[in-house]
Amino acid sequence: MSGPQLVAFDLDDTLAPSKCPIPEPIGELLVQLAERVQVAVISGGQLTQFRTQIVEQLPPASDEVKERIHLLPTCGTQYYRLRGDEIVTVYAHALTQDERDRALAAVEQEARRLGLWESQTWGDILEDRGSQITFSALGQQAPIEAKTAWDPDGTKKSALRDAVAAQLPDLEVRSGGSTSVDITHRGIDKAYGMKQLADATGISLDDMLFVGDRLDPDGNDYPVLALGVPCHAVEGWQDTVAYLEELIPTLG
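Residues numbered from 1 in each chain as written. Predicted model: local features only at pLDDT ≥ 70, side-chain atom pairs only at ≥ 80, totals over all residues. Heavy atoms only, no water.

Considerations on the overall build of the protein
Okay, so step 1: In terms of regular secondary structure, the protein is built from nine helices and eleven strands.
Okay, so step 2: Taken across its 252 residues, the protein has 53% of its residues classed as buried.
Okay, so step 3: Counted over contacts in the protein with a minimum sequence separation of 6, partners at least 24 positions apart contribute 61%.
Okay, so step 4: In the form shown here, the protein has an accessible surface area of approximately 10900 Å², with 47% of it arising from carbon and sulfur atoms.
Okay, so step 5: In the protein, the 21 positive side-chain charges and the 40 negative ones have mean positions that sit 4 Å from each other. (Helix = DSSP H or I, 4+ residues; strand = E, 2+ residues; numbered from the N terminus. Buried < 20%, exposed > 50% of the residue type's maximum accessible area, 1.4 Å probe, protein only. Contact = heavy atoms within 4.5 Å. Areas by Shrake-Rupley, 256 points an atom, 1.4 Å probe, with all protein chains shown as cover. Lys, Arg positive; Asp, Glu negative; His and termini not counted. Charge placed at Lys NZ, Arg CZ, Asp CG, Glu CD.)

So, the pattern of salt bridges
Okay, so step 1: Here the structure, examined in full by the defined rule, presents 14 salt bridges.
Okay, so step 2: Residue Asp10 is joined to Lys190 by a salt bridge in which the shortest nitrogen-to-oxygen separation is 2.8 Å. Of this pair, Asp10 sits in the loop between β1 (6-9) and α1 (24-34) while Lys190 sits in helix α7 (residues 190-201), and the two are 180 residues apart along the sequence.
Okay, so step 3: Across the pair Arg68 and Glu64 runs a salt bridge, and its minimum N-O distance is 3.2 Å.
Okay, so step 4: Counted as one network, the salt bridges with shared partners bring together Asp10, Lys190 and Asp221. (Salt bridge = Lys/Arg side-chain N within 4 Å of Asp/Glu carboxyl O.)

Quick word on the sheet that holds strand β2 (residues 38-42)
In a beta sheet, neighbouring strands pair by backbone hydrogen bonds and run either parallel or antiparallel.
Okay, so step 1: Reading across from one edge, β5-β4-β3-β2-β1-β10-β11 is the order of the seven strands in this open sheet, with mixed pairing throughout. Every interior strand has two partners, whereas the edge strands, β5 (86-92) and β11 (231-233), have only one. Neighbour-to-neighbour, the strand axes of the sheet open up by a mean angle of 20 degrees, direction not taken into account.
Okay, so step 2: Across the face of the sheet, α7 comes into contact with β1, β2, β3 (69-72), β4 (78-83), β5 and β10 (208-212) while running at roughly 150 degrees to β10.
Okay, so step 3: Across the sheet, helix α9 (residues 237-247) touches β1, β10 and β11, and the angle it forms with β10 is around 155 degrees. (Pairing = 2+ DSSP bridges. Axes fitted to C-alpha atoms, helices over the stretch in contact; angles between N-to-C directions.)

Considering empty space enclosed by the protein
Okay, so step 1: Evaluated as defined, the whole model comprises one cavity of 30 Å³ or more.
Okay, so step 2: Roughly 30 Å³ of volume is contained in the largest cavity. (1 Å grid on protein atoms, 1.4 Å probe; cavity = no way out; pocket = protein on both sides within 12 Å on 5 of 7 lines; lining within 4 Å. Points joined across faces, edges and corners; volume = space filled by probe spheres on them.)

What about α9?
Okay, so step 1: Those residues of α9 lying buried are Thr240, Val241, Tyr243, Leu244 and Leu247.
Okay, so step 2: Packing partners of the buried residues in α9 comprise β1, α1, β10 and β11.

Considerations on the nonpolar core
Within soluble globular proteins, side chains that are nonpolar generally end up buried alongside one another.
Okay, so step 1: Counting 34 residues, the largest nonpolar core has Val7, Phe9, Leu15, Ile22, Leu30, Leu33 and Leu58 as the members making the most contacts within it.
Okay, so step 2: If you list the elements that add at least two residues to this core, you get β1, α1, β2, α2 (47-53), β3, β4, β10 and α9.
Okay, so step 3: Of all the elements, α1 adds the most residues to this core, at six residues.
Okay, so step 4: In contact with Leu15, other than residues within four places in its own chain, are Phe9, Asp10, Ile22, Pro23, Ile26, Leu30, Val41, Trp237 and Thr240.
Okay, so step 5: Counting residues in hydrophobic clusters, the runner-up holds 20 residues, among them Leu116, Ala142, Leu171 and Ile183. (Core = buried A, V, L, I, M, F, W, Y, C linked by side-chain atoms within 4.5 Å.)

Topic: the layout of surface pockets
Okay, so step 1: Taken as a whole, the largest pocket spans an internal volume of roughly 900 Å³.
Okay, so step 2: Lining the largest pocket are 44 residues, and of these Lys157, Gly176, Gly177, Ser178 and Arg214 sit closest to its centre.
Okay, so step 3: Looking at the lining of the largest pocket, the elements with two or more residues in it are β7 (133-136), α5 (144-150), α6 (155-167), β8 (171-175) and β9 (180-185).
Okay, so step 4: Space inside the second largest pocket adds up to approximately 180 Å³.
Okay, so step 5: Together, 14 residues line the second largest pocket, and Val55, Glu56, Lys66, Gly84 and Asp85 are the ones closest to its centre.
Okay, so step 6: Along the lines of polarity and charge, the residues of the lining of the second largest pocket split into eight nonpolar, one polar and five charged. (Nonpolar A, V, L, I, M, F, W, Y, C, P; charged D, E, K, R; others polar.)

What about the pairing of β1?
Okay, so step 1: Alternating residues of β1 divide into Leu6 and Ala8 and Val7 and Phe9, and every residue in both groups is buried.
Okay, so step 2: As paired elements, β1 and β2 share four bridges and run parallel to each other. Bridge assignment links Phe9 to a residue of β2, and that residue is Val41.
Okay, so step 3: Viewed along the sheet, the connection from β1 through α1 into β2 turns out right-handed.
Okay, so step 4: Pairing of β1 with β10, which is carried by four bridges, proceeds in the parallel orientation. Bridge pairing in β10 links Leu6 to Met208. (Right-handed = clockwise from strand over helix to strand, strands pointing away.)

Given below as structure tokens:
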């Protein structure tokens, strides 16, 4: 087969606006892609986001096509497959209660110390996702405009990440989305998720392709590039549509 045998995507700002359902053209193209190759989505978001943003938005597809879709929430600490209308767990590597408690305490303490604990928020600032603790400065449901304006150059998020990492040397602390910091077991990032896909599918990393909007050295997609996986950078879901419309006819 020419071209990649598996195409993996970031979710927010690659397949959809942050926390929003995938647009109809993306859903149609993901199914067309899954008719030809394996398809994966790796994001810091939790399974409920994958369900509402992706799975429930896909157009009708055969069970065979659905089984080619791999879902890796919380940066690959969880892995799910589609079996008909069901989402089936492959694995889920949860943090211990002690790790979750320490992570929640550290990120709140440092956010308050740095003046980043905002009073106007939309939804929960802190979220326990089982295998990942996530800090969202403006809350989980903040509008895109507010999130974009909060930290346009990433300095607030980087300062918080560094401060929390110093408090939690046994855990991984990463910049997540536009206003978020994620905490997981050490060594967990999107590169980890790609390695899990290679193990599960038998497809080598060289035969994969990753599409994301944060492939810069400070971005949460960068570990995939550093791993050596072929990557394609986009700046939003419209870019992804244009790229897939060119890519898909060349596959299979």
